[in-house]
Every structure is written in C-alpha cells, then in structure tokens.
Amino acid sequence: MSEGVLEWQVAGACNYDCSYCIQSPRYRRGRPEIAKLEAAMAWFCGLPGPWELKCSGGEAFAHPLFLDFVVPALMERSSHWLSVLTNFSASREELSAFSALTRGRLRVFSASLHLESVAAEDFVEKARWFVAEIGAATFQRKKAHMGDTPTDVSPDVAWDTKHPGPHFVVNQVVLPGQEEDAARCKKLVEAAGLRWFPQLYKTKRGVAEYPDPVALSALIGKNPSPKEANLSPSYFGRRCEAGRRYGVVDKDGALWSCRSAKRNSDGYLGNIFDGTAKMWTQVRRCPFDRCPCTVPANRGMIEGIP
Ligand code: SF4
Ligand code: SF4
C-alpha cells in the first residue's frame, strides 16, 4: 500500500506530434538536465514511506536520462513504486532494460495507442510481448483473482493489498467522429487479452462534444464510472486529499495539488528542483468545476467516491 501518488512529467518533450495532443507544441519541450533530476531524486527520496510515482511526459522514455538515471536511481535510493504512462515507442531493448530495472516495483504500465504514429496491429503485438516480459496482470487475470467483471478495472484502481502489480493497460483517446477506429482497436486489444481504457478527448473547457452518442456509449457504456472511463466529472465541494496524498509535478519541477489546481493556479505546493515543494497536511474541499484527475477518484481520495 502506498502513501500516495505523484504524477511526474519527467520530460516536456515528446517524440510524437499527435494532432490532438492537449499539450501545445510550444509547451511540449524540454528534457531536464542531470542537476535538476538529482534534485528531483533528493526530493522524492525524502518522502516518508513508499509512494507511487507515475512518470509521464511528453514522453519519459524519449529522455535518455530516464532509463540511464531516473529509473535506476529511484530503484536504488527509494522504496517507491513506479508507474508509467507512455506512448510505448521505446524499443524492445529499452523496454527489456526497464523491465529488469523495475522488477518487483512496477505497478501500472499504461501504454497509449496513437494511430497517427503506429499501426494498431503492431502495437498490440508489441504489447503482448511486453506483458509476458514483465509478467503483468491483465484484466483477465484480475478477473480470476478478484472475481470482478472485466470492465470494473482502470489503470488507477487500488489493488494495493491483493495484487499491487504490475498491471498493463492500453489507453486510447477516443476522437469525436472516429469512434469506429477506436472500436476496432478495442476489439484487437481485448482479443489479445489486454485491458483497453478509453480517454475522452479533452478541450480547455472540459470534454469535447461527440457527434454520435450511440457509437460513443457502445465504447464506454451508458453511464461509465470513473473506473471505466475518464469523463472529467465535477466533485465541487467534496473533501479531497489532492495535495496531501496526490500531486502533479510539471516538466519544470512545479508541484501542484492536482491538474485543476495547475490549470487554475490554485494549489501550488512549491518546486521539487529547488527543494521548496511540500505536500499539504490537511485536506480541502474541491474548489473546481471539473476533475480531470483519475487517480484521486479511483484511489478513494475523494469524499463519496468509493
Ligand atoms: S504521444 Fe502524447 S504527449 Fe506525445 S504528442 Fe502524442 S498525445 Fe502528445
Ligand atoms: S479537481 Fe479532482 S483532484 Fe482536484 S481537488 Fe477537485 S476532486 Fe480533487
């Protein structure tokens, strides 16, 4: 069981350039140098107890220091769990090295399928290989372990006590008007025995409009829970542990209590590169209209959300 979860944008830069990327190309830049990463390690390793670090980007694997420094340093110097959100473009050699480094400490490996850069068939074939490589649980294995239905699973569900990981999940942004493509991928992924997790397309104002609600609900269900799809609901006014047991660190080392906190500049906790970052000790009531963060909702950090 981890103390909490921190999402860390290890690098701003990405080796893909998806037309629907929520991060603008101007923002999607930068790979912190070793001195900053050393400072980040010092801060992460000073956290009490094992936390879960979810490394993302840009693309973490596209920063050479991710595999050469960040992952081994975290494994050697801390007891933290590691999760990653990646576009899965790393080579098999790099992924094998990652698997060896993180054995026993990898919790969730979320691989995002981007059809503008990779064919679904190739992606699935690589995913099958990697699942065997890391000995990951797929939703089918979880079903056997825990007696749940396959859809009652998300990348962020707390399986901590019974099966801490590794878990492998395929994420895919379902683009408005391209539900058929997503349906084809879902079928391919699930036929390979893997978990497919839909992300709705986000805009600055929330979730995009979908022209075909029927096609969409065929993919994500009629009233999906936060564990089944990321819908950016509102939890305004509920007590939330974001800032105390959850936070997001951006590519420049700034720590925020959650994504909405960053977007609204309300919930800044300092910077991990200069050592000023500090988690809150209190919980607060959510002051935001939309919650795009799946972790607090799926890890029991928000009042009234089991
Ligand atoms: S892989 Fe992700 S971060 Fe990179 S361009 Fe595509 S959507 Fe953006
Ligand atoms: S937006 Fe979500 S994570 Fe942030 S405070 Fe509100 S409920 Fe918590």
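Preceding this section is the structure that the text describes.
A brief look at the structure comes next. These figures come from a predicted structure and were not determined experimentally.

Criteria and cut-off values
Residues numbered from 1 in each chain as written. Chains lettered and ligands numbered in written order. Predicted model: local features only at pLDDT ≥ 70, side-chain atom pairs only at ≥ 80, totals over all residues. Heavy atoms only, no water. Axes fitted to C-alpha atoms, helices over the stretch in contact; angles between N-to-C directions. Helix = DSSP H or I, 4+ residues; strand = E, 2+ residues; numbered from the N terminus. Parallel < 35°, antiparallel > 145°, perpendicular 65-115°, else oblique. Left-handed = near helix turned anticlockwise from the far one by under 90°. Contact = heavy atoms within 4.5 Å. Nonpolar A, V, L, I, M, F, W, Y, C, P; charged D, E, K, R; others polar. Near = heavy atom within 4 Å. Salt bridge = Lys/Arg side-chain N within 4 Å of Asp/Glu carboxyl O. Buried < 20%, exposed > 50% of the residue type's maximum accessible area, 1.4 Å probe, protein only. Core = buried A, V, L, I, M, F, W, Y, C linked by side-chain atoms within 4.5 Å.

## Some points on the packing of helix 6 (residues 179–191) against helix 7 (residues 213–220)
Moving on, step 1. It is the contact of helix 6 with helix 7, at a shortest axis distance of 10 Å, that shows an interaxial angle of 20°. One element, helix 6, and the other, helix 7, form an angle in the roughly parallel class. Here helix 6 runs over helix 7; the crossing is left-handed. Seen from helix 6, the contacting residues are Glu179, Ala182, Ala183 and Lys186; seen from helix 7, they are Ala215, Leu216 and Leu219.
Moving on, step 2. Its residues assigned to classes, the contact of helix 6 with helix 7 comprises 5 nonpolar, no polar and 2 charged.

## Focus on the site of ligand 1
Moving on, step 1. Close to ligand 1 lie Cys14, Tyr16, Asp17, Cys18, Cys21, Arg28, Gly58, Asn87 and His114.
Moving on, step 2. Of the residues belonging to the shell around ligand 1, the class tally is 4 nonpolar, 3 polar and 2 charged.

## Overview of the pattern of salt bridges
Moving on, step 1. Taken as a whole, this structure holds 14 salt bridges when the rule is applied.
Moving on, step 2. The partner of Glu241 in a salt bridge is Arg244, with the nearest N and O atoms 2.2 Å apart.
Moving on, step 3. On the basis of relative accessibility, which here comes to 13%, the residue Glu241 falls in the buried class.
Moving on, step 4. Residue class for Arg244 comes out partly exposed when judged on its relative accessible area of 30%.
Moving on, step 5. Of the charged contacts in the structure, one is a salt bridge between Asp266 and Arg284, with a shortest N-O distance of 3.0 Å.

## Structural notes on the nonpolar core
Taken as a class, soluble globular proteins show a tendency for nonpolar side chains to be buried jointly.
Moving on, step 1. Counting residues in each nonpolar core, the largest one holds 60 residues, and the members touching the most others are Trp8, Phe44, Phe66, Phe98, Phe109 and Phe168.
Moving on, step 2. The dominant element in this core, judged by the number of residues it contributes, is helix 2 (residues 64–77), at 8 residues.

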